[in-house]
Amino acid sequence: MRPLVFLCAQQVIKDEESACQALELLPQDLYPVLFKAAFMHGKTLLLQALVHTWPYPILSFKQLLQDRPHCRRALRQDWPHCLRALLQECPNCPRALLQDRPAEELVQAMIMGVKARLEEATDNGTQQSLYRRHPLQLLDMTGLLDYGYEEDLKTMKMWARTMTMAQTGICHLLEKVEQPNESPNKCRKVEDLPCTLLPVEVRVDLWVTPSSSGFLKQALQNNAVSPLRLCCRDFRAEDLPPDITVDLLGLLDHSSLRRLDLSFFTLEAGGVWEIVASIMKFTNLLSLKLQYSNMDVWRLWAMLEGTFSFLASEMSKLKRLKELNLGTSWLSGQLRQLLSGLQCPLESLELPVCYLLPVDLSYLSQSPHAPHLKKLDLSGNNLSGDLLPPFQALLGEASASLLCLKVTECQLMDVHLISTLPLLSRCTRLRYLGLYDNPLSSIGLKALLSRSEVMPDLQLVVYPFPVDCYKDLPGVPLSANLLEDYIDEEKFAQVQGEMHQMLIAAGRADVLWTTDVYGPNMPDYFSL
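Recorded under Subcellular location (unreviewed entry), the UniProt text for the chain is reproduced unchanged: "Cytoplasm".

1. A look at the overall build of the chain
Check the secondary structure of the chain and you find 21 helices and 13 strands. Each of the 528 residues in the chain was classed as buried or not, and the buried ones make up 51%. Residue pairs in contact within the chain that sit at least 24 positions apart in sequence constitute 81% of those at least 6 positions apart.

2. Points about helix H20 (residues 442–451)
Buried within H20 we find Ser442, Gly444, Leu445, Leu448 and Leu449. Across the axial projection of H20, the buried residues extend over an arc of 160 degrees, all falling on one side. Looking at the buried side of H20, the elements it contacts are helix H19 (414–424), strand S11 (432–434), helix H21 (489–505) and strand S13 (512–514).

3. Concerning the pattern of salt bridges
Proximity of charged atoms lets side chains of opposite charge pair with each other. Under the definition given, this model contains 14 salt bridges. With a closest N to O distance of 3.6 Å, lysine 374 and glutamate 347 form a salt bridge. One end of the pair, lysine 374, is in the loop between helix H17 (358–366) and strand S9 (375–377); the other, glutamate 347, is in the loop between helix H16 (335–339) and strand S8 (348–350), and 27 residues separate them in sequence. A salt bridge links aspartate 510 to arginine 508, with the nearest nitrogen and oxygen atoms 3.7 Å apart. The exposed category is assigned to aspartate 510, whose relative accessible area is 60%. Among the charged side chains, a salt-bridge network with shared partners connects Asp205, Arg233, Asp234 and Arg258.

4. Some thoughts on the nonpolar core
In this structure, Phe35, Phe235, Leu260, Ile279, Leu339 and Leu405 are the most contacted members of the largest nonpolar core, which totals 138 residues. Beyond its immediate stretch of four places on either side in the chain, phenylalanine 35 contacts Leu47, Leu50, Val51, Trp54, Leu59, Phe61, Leu64, Leu65 and Met110.

5. Quick word on the packing of helix H4 (residues 44–52) against helix H8 (residues 104–121)
One way to put it is that H4 packs onto H8 with a least axis distance of 7 Å and a crossing angle of 40 degrees. As for how H4 packs across H8, the hand of that crossing is right-handed. Where H4 abuts H8, its residues Thr44, Leu47, Gln48, Val51 and His52 lie against Glu105, Leu106, Ala109, Met110, Met112, Gly113, Val114, Ala116, Arg117 and Glu120. Residues that form the contact of H4 with H8 fall into these classes: eight nonpolar, four polar and three charged.

6. Observations concerning the packing of aromatic side chains
Under the criterion given, the structure shown has seven aromatic pairs. Taking the centre distance of 5.8 Å and the plane angle of 75 degrees together, the rings of tyrosine 31 and tryptophan 54 count as edge-to-face. Of the two residues, tyrosine 31 sits in helix H3 (residues 31–40) while tryptophan 54 sits in the loop between H4 and strand S1 (58–60), which places them 23 residues apart along the sequence. This pair shows no difference in class: tyrosine 31 is buried, exactly as tryptophan 54 is. Taken together, the ring pairs in this structure connect Tyr31, Phe35, Trp54, Tyr56 and Phe61 into an aromatic cluster. Sitting over the ring of phenylalanine 6, lysine 36 keeps its end group 5.8 Å from the ring centre. Across the ring face of phenylalanine 526, the terminal group of arginine 258 is positioned such that the distance to the ring centre comes to 3.7 Å.

7. Some points on the pairing of strand S6 (residues 287–292)
Burial within S6 is extensive, with five of its six residues counted as buried. Sheet topology places strand S5 (residues 259–264) next to S6; six bridges connect them, and they run parallel. Counted as the bridge partner of leucine 262 is leucine 290 from S6.

8. Re the environment of arginine 233
Along the chain, arginine 233 falls in strand S4 (residues 228–238). Considered as a pair, arginine 233 and leucine 285 are 52 residues apart in the sequence and their alpha carbons are 10.0 Å apart.

9. Structural notes on the pairing of S4
Looking down a regular strand, the side chains alternate between one sheet face and the other. Along S4, eight of the 11 residues are buried, which leaves the element largely enclosed by surrounding structure. By the bridge criterion, eight bridges tie strand S3 (residues 200–208) to S4 in an arrangement that is parallel. Residue valine 204 lies in a different strand from S4, and its bridge partner there is cysteine 232. Bridge analysis of S4 against S5 gives five bridges, and the strand direction is parallel. Bridging across to S5, aspartate 234 finds its partner in arginine 259. Handedness of the crossover joining S4 and S5 through helix H12 (residues 242–251): right-handed.

10. A short note on the side chain of lysine 375
Position of lysine 375 among the secondary structure elements: in strand S9. Buried and without a salt bridge, lysine 375 has glutamate 350 as its closest oppositely charged side chain, separated by 4.1 Å. Among the polar contacts listed, one links the side chain of lysine 375 to the backbone oxygen of proline 523, at a separation of 2.9 Å. Not counting chain neighbours up to four residues away, the residues in contact with lysine 375 comprise Glu323, Glu347, Ser348, Leu349, Glu350, Leu402, Cys404, Met522, Pro523, Asp524, Tyr525 and Leu528.

11. Re unusual backbone geometry
Backbone geometry places aspartate 239, a non-glycine residue, at a positive phi of 55 degrees. Along the chain, aspartate 239 turns up in the loop between S4 and H12. For aspartate 239, a relative accessible area of 38% puts it in the partly exposed group. In the Ramachandran plot, tyrosine 355 falls in the positive-phi region, its phi being about 55 degrees despite a non-glycine side chain. Take tyrosine 355: it is sitting in the loop between S8 and H17. Owing to a relative accessible area of 39%, tyrosine 355 belongs among the partly exposed residues under this scheme.

Cut-off values and rules
Residues numbered from 1 in each chain as written. Predicted model: local features only at pLDDT ≥ 70, side-chain atom pairs only at ≥ 80, totals over all residues. Heavy atoms only, no water. UniProt positions renumbered as here; feature names shortened; annotations may be inferred. Helix = DSSP H or I, 4+ residues; strand = E, 2+ residues; numbered from the N terminus. Buried < 20%, exposed > 50% of the residue type's maximum accessible area, 1.4 Å probe, protein only. Contact = heavy atoms within 4.5 Å. Arc of directions from axis to C-beta. Salt bridge = Lys/Arg side-chain N within 4 Å of Asp/Glu carboxyl O. Core = buried A, V, L, I, M, F, W, Y, C linked by side-chain atoms within 4.5 Å. Axes fitted to C-alpha atoms, helices over the stretch in contact; angles between N-to-C directions. Left-handed = near helix turned anticlockwise from the far one by under 90°. Nonpolar A, V, L, I, M, F, W, Y, C, P; charged D, E, K, R; others polar. Phe/Tyr/Trp six-rings, centres within 6.5 Å; stacked < 30°, edge-to-face > 60°. Lys NZ or Arg CZ within 6 Å of the ring centre and 35° of its normal. Pairing = 2+ DSSP bridges. Right-handed = clockwise from strand over helix to strand, strands pointing away. Lys, Arg positive; Asp, Glu negative; His and termini not counted. Polar contact = N/O pair within 3.5 Å; in protein donor to acceptor, adjacent residues only side chain to side chain.

Here you go:
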């Protein structure tokens, strides 16, 4: 149930024009709830006006739009309490209102509100004093442009274009109000701005494709001359040419970047070396994802002399690294060389389809990383043979810390799962377990369900269709051949019902067991 103040805010914003005109008469502690209502109902003019007149130094969309009943009181209180609510993450609020992709016009309205604010600050009179009393310092858009925008290729292009337009407009305005002794064609730098025109940092997570890279590059280049500064927290680039990737990395703030996520399809060895050298300049990096999808080329590149020693040497420069994803890499027998030089233990390690050998998992189970792992993804590696014993040893070492485990398409059968259950049940903090695309039967799944009672934090299990619920298949299918078209729906419904009754009897009906591999997925490391 919505609180009364929010219901009132919904009534206020129905007349958007009147609401905009009344903002200067409203108490500032109503701004957060009005922003939330305006965003939810697509009131672009009011959103722009709210950002334009925002009374606090920080405007964080993610914090404002989270559905946090126990935090609403803080958002409605006076300035110190409200600022504290905007600044701090709430550990009790894992879900946000941003379930659907925000409309493009909402994002544009927010940026243009900041632009209008900066333009107004260059004027003389009362408006300048208002800006001085309430200087906006940080516009935090993280959580707004990352997850959920990935399927819309035009969104980041639109966002970068809007940002560039705003920066250019502000610079053009500054040229008009320049001092008489300044060159008429010179745009002042940030350090030369009037004391009343404080820079506004726009913090965002960026997802870049070839179609958006040009606009983004221009927006980043404008940082040097615009008081509207683009600051990237998490940077993801997909299939960019090496030279463009290196150029964009060179424009990012080395001190503020938290995550780099680069994926390639075609990349020559020279390009890899150049990109890796650029990555290692981000010494404060916490998360690195370097994924490559062209296995034939990667395999040849991995065989080049000095490749892994170069990677290991460079990665040792990342002194704060906590998360590493080297998905679809040819790492056979090389894990020790790559990870032994890291300065601190990893907490998240994703190695899907990396052709790991027993020696790799044996090293990992004995390494300083094992007892600190919160998230582990070994999908696509065959754990049914010689890898099984070191995998089980790794589970034992990581049992006290492990929160998320993903072993999809690992050719695990009942015999392998059942022999692993004693070690898996020691992972009492486990929240997520991904088992999809393994040839398991209903017997194995029910055995897992019974043992999961000792995992009080378990929230989500993604499991495969049981092999005994298939029909018209020649023998037991391999993990890569588990096809939904061959499912006996009646038999599967029966197994589902039996498993649900087991959950109810164990008092664990709150745990989601699903076969939907495209539904809820393994949590992001930074949300753990």
